[in-house]
Each structure stands twice: as C-alpha cells, then as structure tokens.
Amino acid sequence: MLKHLYDTDCVTWSPQGKLFQVEYAMEAVKQGSICLGLKSNEYVVLCSLKRQPSELAGYQEKQFKIDDHMAIAIAGLTADARVLCKYMRTECLEYKYTYESHHPVGRLVFKVAEKSQHKTQSGAKRPYGVGLLVAGIDPNGVHLFETCPSGNYYEYKCQAIGSRSQAARTYFESWFHLFEKSTLEQLILHGLSALKKAIMEDEELNERNVEVGILGKNQKFIHLNAQELKDYIVKLETFNANTQIQQE
Amino acid sequence: MIFNPEFSAQQQHTTSPIVTGGSVIALAYKGGVVVGVDTLCSYGSMADFKNVEKIAQVSKNTIYVSSGEFSDFQQVVRELAKIDRSALQYDDGVHPSPRDYGNYLARLSYKRRCKINPLYLQNVIAGFHNGERYLGLVDIYGTYLESNFVTTGFASYFCKAIISNYWNDNCTLDQAKQVIRECFKVLFCRDCRAHDVIQLAYVDEQGAHLEQPERVETKWDFSGFKNRANEKLHTQ
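Not measured: the values here are computed from a predicted model.

Asks: Please clarify how the side chain of His143 of chain A should be interpreted in this entry.
Replies: Residues and elements named next belong to chain A. Structurally, His143 is set in strand β6 (residues 141-147). For His143, a relative accessible area of 9% puts it in the buried group. In terms of polar contacts, His143 uses its side chain to reach the side chain of Asp138, at 2.9 Å. Those residues in contact with His143 that sit more than four places away from it in its chain are Lys39, Val44, Val105, Val134, Ala135, Gly136, Asp138 and Glu155.

Right under this line is the structure:
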C-alpha cells in the first residue's frame, strides 16, 4: 500500500531508494513472452516464443535485424521495441555511411542504455517498457547484451528474459559451460531445450510459434525458415546435453 | 589582408590556399606502408617554414599526411584525434581502423565540398590493420581511393614513372624508401615549391614509426656550373 505514495512519476524516490516507475517498467518486460540468447566462440543464437493474440491472428515477431552483424530479440511492449529498433538501425546506417564499417556492438548498446536512462529522469516521460537481448559480432568478438528499462545493460554468455524465463536460466546454469565450444547445431538445440523448459504444459514448440535467429563471425543475421525449424524441433526429441560432454 | 568588419560577418569560402605543404608520396611494401613528405610550408612562392614535421600519427597504427593548405591539415588532425578519443569515452577498447579514418575523412571532405568551402587538401591515410596494409587517398572533392601507391601534387606528374620502374608492392622497406628518396630528388630539381629535406614514416604490424627528417642527396657541383661561375662574361 505504501508503494502508491511514491510511484506517480520517475522523479520521485521512495524512502527505500527505489524508483517505482522504473521497477514497474521492468515488470512489463517480465510479462512479455520469453526470448533467450546464447553464444559460443563463433555464433550467437536467439530463440523466442511468439505469442498469438487470437486464433485468427498471426504470431508476433520478436526478433529484428539491426544490421548484418547485429540483431535484437525483444520482451515487453512491442511498440516501444520498434522505437529502439529504429534508433539502432539508424545509428548503424549512419556509422556505416561515415566509416564504411560495422557499428561496434557494445557502443550501440551503451547508446540505447543512455537513451533509456534519459527516460527515467524526467517528470514528463516514462521508461521504455521493453527489454532487449542484443546479439552482435564486432572486432572484439561475439557479444550478447541485455538492456533494461532502467538504462542498465549487461553482457552475458547466455540469458533469458520474459515470462517463465527463470526456467530457461536454470537450464543455462547447468549447461552454459558447454556453449563456448559448441557447434552451431548444438547451440540451437540448447536454445530450444531451454525454451522448452519455459513453456506451459499444454503448449508445444512448433515452427509457427518459435523464432530462431543466428549470427556468426562469417554469418550475417538470418532467421531459420519453417522447414529448418521443423527439423530442429524433431532433433530436439533426441538431443541430450549429456551426450555433448561425452564427445569432449 | 586588411581587416574589414563587413567581411567578417559573412562566411568566408576557401578559394585559394595561403600556407601550403608540398607533395606526398606513399608506397606499400612487403609488410607495411611507407610515406614521405618534405618539411616545407610555402607562403605562396616563398619558402617560409622549412622545418615543419607534417606527418601526424592519428592512432597506433595509422598515420595521416596531406598536401595543400596547412591550417586545414592541422584542423583535420584535430578532427581525427577526436575519433580516436571516442574509444576512451565509450571505454570499450574499440579503435577505428585505418580504413575507418579514410572513409571518415572522405565524408568530411565531401561535406565541405558541397558547401563550396573545401578543406583545401589532398589527403593520404596510411596504416596497417589485422595483417593488411592500407593506403588511402582523399582529394579536395572528397573522392576516396584505396591503392598500393599514392602521390599528391607535383609528384603525380614527375614521380609516377620512377615509381612504376623501380617499385613493386613486394619490395623491402629499404627499397621503397630509396624510391621515395629518388622521387624527392627529382621533385627538388623540378618543383619550385619543393624542399630538399624530407621526412619518412612507415607503418607495419608493430605500429607507426616516424623517422627524423633527412636531407635528400643533391648534386650541384657540376663542372659546367663551376666553370660558368668563373667565366668572364662579355668582357673579352
């Protein structure tokens, strides 16, 4: 009850040192459907579960290409995500126009974080209600970042955000030590396994509600098409992370 | 120039340069790139500043030289330094490659050209990055070219024959330096705005190395000259 005294706007602190508007914005991310990312030495894979608002509707896309070397997966308010996506694409294009090379990934995430923070320090604005998983390749290597409505950003080996993402994170905690040296196929199967942990009992993964995007040092960002997704979901039945340990 | 208060209110457009630098010659060799330029800044036809070091190291593995208006050269050095500093600001250890500098300079030059207020320069960016040599030329209009040899100014007229006869891009550093010295010898003889003190710099996988200025060998003690000096003219 006490919360409601201090949560009207971003420019009011609570006595416990919290900005409730920012925290509420992070809740919006947790309500979005799950998306996760994981990386090896050479590839980053993004997997998401797409929601279908009704039987008549299509599935909401959650992964967007920013540039050949960078892509995002979103959880939260899609409209806010579009704003950030457009900003990131513009920045990448401008960088390419000026330097004829790819925008360094960390730097773009920093810019997005700065933009997000700006929204948390004004009386007239609200934070972005979306969390991004940014996958990118640059001369510094293979990257996976997470951005928050708060304006914080973190780099990860693997991360899941959105609803029931804890289940996926638990899967990652058990197996992330294998990811660095995994092949692309193993990485995708790990991602789908983690995704499977996060779906409800009556749901199943199929080529319509799953979205997988891959990015590699010599691989521009692409989505797996429906046939490839079907094949991977079939392989998932027989995939066992334990077998990977035996190989190594 | 007389200071006219009316004129200072308008934007001035660079129509002709005032203090200018001479030709630049840059060659790729096996393992890097080497650049040579003389140490003179001319004030029109007057050899005004004879000891100018005109090679700028803009980052660990990139050097920048240009011929043309020297104040524009100094300004470009500041602009390029800003880019390198951005790595400090973002604290991410990502440094621009020589090609990034070349392209940036091309965009900058083109922007100024479009405003009819050019950076009055022929620019050369030389570097070594990820095992690859880089040599770029950006001219006054913003034209961008990459090549394994580059000349500006009068060197483009006098020195290409020497370069094509004595240089190939697999030669050693010393061979490439010698070709550049030969070119500057010829330039000193033939280009009125050239000087006989030059400075060389090369970039290889260890980074950029700037050398001390050196005097180009020239020969003036031809017997014909000496005898001429002793000749009694129109007296006999």
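Asks: What is the right way to look at the UniProt feature "domain: Proteasome alpha-type subunits" (unreviewed entry) in chain A in this model?
Replies: Here, the residues flagged by UniProt with the feature "domain: Proteasome alpha-type subunits" (unreviewed entry) are residues 6-28 of chain A. End C-alpha to end C-alpha, residues 6-28 of chain A measures 19 Å, and it is 39% helix and 0% strand.

Asks: Can you help me understand the packing of helix α3 (residues 105-118) of chain A against helix α2 (residues 70-90) of chain B in this one?
Replies: Interhelical geometry of α3 of chain A versus α2 of chain B gives an angle of 65° and a closest axis separation of 11 Å. For the pair α3 of chain A and α2 of chain B, the crossing hand works out as left-handed. Contacts between α3 of chain A and α2 of chain B involve Arg107, Phe110 and Lys111 of chain A from the first element and Ser86, Ala87 and Tyr90 of chain B from the second. Of the residues that constitute the contact of α3 of chain A with α2 of chain B, the class distribution is three nonpolar, one polar and two charged.

Asks: Looking at this model, I keep getting lost on the environment of Met46 of chain B. Mind explaining?
Replies: All names here are of chain B. Structurally, Met46 is set in strand β5 (residues 46-49). Take Met46: its relative accessible area is 44%, and that puts it in the partly exposed class. Spatially, the C-alpha atom of Met46 lies 36 Å from that of Phe128, the residues being 82 residues apart in sequence.

Asks: Sorry if this is basic, but what is going on with the nonpolar core here?
Replies: In a soluble, globular protein the nonpolar side chains are often hidden away together inside. Residue and element names in this part refer to chain A. Core analysis: the largest hydrophobic core is formed by 34 residues, its most contacted members being Leu36, Val45, Phe172, Ile188, Leu195 and Val212. Among the elements of the structure, β1 (35-39), β2 (43-49), β8 (158-161), α4 (165-175), α5 (184-197), β9 (210-216) and α6 (226-238) are those that each provide at least two residues to this core. Looking at this core, the element that brings in the most residues is α5, giving seven residues. Those residues within four positions of Leu36 in sequence are excluded, and the remaining contacts are Val45, Leu46, Cys47, Leu133, Gln159, Ala160, Ala168, Phe172, Gly191, Ala194 and Leu195.

Asks: When you look at the pattern of salt bridges in this model, what are you seeing that I'm missing?
Replies: Residues and elements named next belong to chain B. What the rule picks out here adds up to 20 salt bridges over all chains. The partner of Lys54 in a salt bridge is Asp38, with the nearest N and O atoms 3.2 Å apart. Within this pair, whereas Lys54 is found in the loop between β5 and β6 (56-59), its partner Asp38 is found in strand β3 (residues 32-38), the two being separated by 16 residues in sequence. Per residue, the accessibility class of Lys54 equals that of Asp38, and both read buried.

Asks: Even after reading the chapter, I still don't get the packing of helix α2 (residues 78-99) of chain A against α3 of chain A, so can you show me in this structure?
Replies: Packed helices, taken two at a time, are described by the angle between their axes plus the distance between the axes. All names here are of chain A. As a packed pair, α2 and α3 sit with axes 11 Å apart at the nearest point and diverge in direction by 135°. Overall, the two elements α2 and α3 adopt an arrangement that is oblique. Note on packing geometry: the crossing formed by α2 with α3 is right-handed. Of the residues in α3, those in contact with Leu84, Tyr87, Met88, Glu91 and Cys92 of α2 are Leu108, Lys111, Val112 and Lys115. Here the contact of α2 with α3 is built from residues that sort into six nonpolar, no polar and three charged.

Asks: I tried to follow the sheet that holds β2 of chain A on my own but got confused; where do I start?
Replies: To summarise the sheet geometry, strands pair through backbone hydrogen bonds and adopt either a parallel or an antiparallel arrangement. Residue and element names in this part refer to chain A. One open sheet accounts for five strands, arranged β8-β1-β2-β9-β10; its pairing is antiparallel. Looking along the sheet, the strands with just one partner apiece sit at the ends: β8 and β10 (219-223). With direction set aside, neighbouring strand axes in the sheet form an average angle of 10°. Note: β9 against β10, three bridges, orientation antiparallel. Note that in β10 the partner of Ile214 across the bridge is Ile222. Across the sheet, α4 is in contact with β1 and β8; its angle to β8 comes to roughly 165°. α5 contacts β1, β2 and β9 of the sheet and is inclined by roughly 30° relative to β2.

Asks: Explain the interface of chain B and chain A to me, please; I cannot follow it from the model alone.
Replies: How large an interface is tends to be reported as the accessible area lost when its parts come together. With twelve residues of chain B at the interface, the matching set in chain A holds eleven residues. Summing both sides of the interface, chain B and chain A together bury roughly 1100 Å²; the carbon and sulfur share of this comes to 53%. Contact with chain A buries area across many residues of chain B, yet Tyr90, Val94 and Arg107 of chain B alone supply 49% of it, more than any other trio. The tally of links from chain B across to chain A stands at one salt bridge. For the side of chain B that touches chain A, the elements supplying multiple residues, two or more each, are α2 and α3 (98-114) of chain B. With five residues, α3 of chain B is the single largest residue contributor to the side of chain B that touches chain A. In terms of residue class, the side of chain B that touches chain A is built from five nonpolar, three polar and four charged.

What counts, and where the lines are drawn
Residues numbered from 1 in each chain as written. Chains lettered and ligands numbered in written order. Predicted model: local features only at pLDDT ≥ 70, side-chain atom pairs only at ≥ 80, totals over all residues. Heavy atoms only, no water. Helix = DSSP H or I, 4+ residues; strand = E, 2+ residues; numbered from the N terminus. Buried < 20%, exposed > 50% of the residue type's maximum accessible area, 1.4 Å probe, protein only. Polar contact = N/O pair within 3.5 Å; in protein donor to acceptor, adjacent residues only side chain to side chain. Contact = heavy atoms within 4.5 Å. UniProt positions renumbered as here; feature names shortened; annotations may be inferred. Axes fitted to C-alpha atoms, helices over the stretch in contact; angles between N-to-C directions. Left-handed = near helix turned anticlockwise from the far one by under 90°. Nonpolar A, V, L, I, M, F, W, Y, C, P; charged D, E, K, R; others polar. Core = buried A, V, L, I, M, F, W, Y, C linked by side-chain atoms within 4.5 Å. Salt bridge = Lys/Arg side-chain N within 4 Å of Asp/Glu carboxyl O. Parallel < 35°, antiparallel > 145°, perpendicular 65-115°, else oblique. Pairing = 2+ DSSP bridges. Buried area = accessible area lost by both parts, 1.4 Å probe.

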